[in-house]
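What the coordinates show
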Amino acid sequence: MPLCRHQNLVLIATSKSKMRCRHCHLTIDEEELAYGYCPECYETQGVKRSDFEVLEPVDDGKVRYCCEKCGAIITC
């Protein structure tokens, strides 16, 4: 298997704050909460729960790139 030289890199954007369900602990972007309730709780238990906690992004000062060819994550 040839080694990848990581010539096609894509910048991974810094994450936004996320929401975590207080029941099943699913972590999801706020934009993905289309209906305002946890999709995991609804799919597995049939219950529309909207009890979330906000998780702020961690700013560790590092920049991350992803190689388009092999999918490796490179941290600088």
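Structure first, text after, so check above.
Our focus in this paragraph is the overall build of the protein. Regarding its fold elements, the protein presents one helix and six strands. Along the chain direction, N to C, the helices and strands of the protein fall in the order β-β-β-α-β-β-β. In summary, the protein has a C-alpha radius of gyration of 17 Å against a globular reference of 11 Å for 76 residues, an excess of more than 25%. The buried share of the protein, reckoned over its 76 residues, is 12%.

If you walk through the whole model with that rule in mind, you get two aromatic pairs. Ring centres 5.9 Å apart and planes at 20° place the aromatic pair tyrosine 35 and tyrosine 37 in the stacked group.

Let us look at the sheet that holds strand S5 (residues 64-67). A sheet is described by the order of its strands in space; here three strands give the open sequence S1-S5-S6, paired in antiparallel fashion. Unpaired on one side and paired on the other, strand S1 (9-12) and strand S6 (73-75) mark the two borders of the sheet. Within the sheet, the average angular offset between the axes of one strand and its neighbour, ignoring direction, is 35°. Pairing geometry for S1 and S5, over four bridges, is antiparallel. Its bridge partner lying in S5, leucine 11 is registered against tyrosine 65.

A word on the state of the cysteines. Under the criterion given, the structure shown has zero disulfides. Residue cysteine 24 stays outside any disulfide, its sulfur separated by 3.6 Å from that of cysteine 38, the closest cysteine. Free of any disulfide, cysteine 66 has its nearest cysteine sulfur in cysteine 67, 6.9 Å distant.

Quick notes on the rules
- Residues numbered from 1 in each chain as written.
- Predicted model: local features only at pLDDT ≥ 70, side-chain atom pairs only at ≥ 80, totals over all residues.
- Heavy atoms only, no water.
- Helix = DSSP H or I, 4+ residues; strand = E, 2+ residues; numbered from the N terminus.
- Rg over C-alpha atoms; globule rule 2.2 N^0.38 Å.
- Buried < 20%, exposed > 50% of the residue type's maximum accessible area, 1.4 Å probe, protein only.
- Phe/Tyr/Trp six-rings, centres within 6.5 Å; stacked < 30°, edge-to-face > 60°.
- Pairing = 2+ DSSP bridges.
- Axes fitted to C-alpha atoms, helices over the stretch in contact; angles between N-to-C directions.
- Disulfide = S-S within 2.5 Å.

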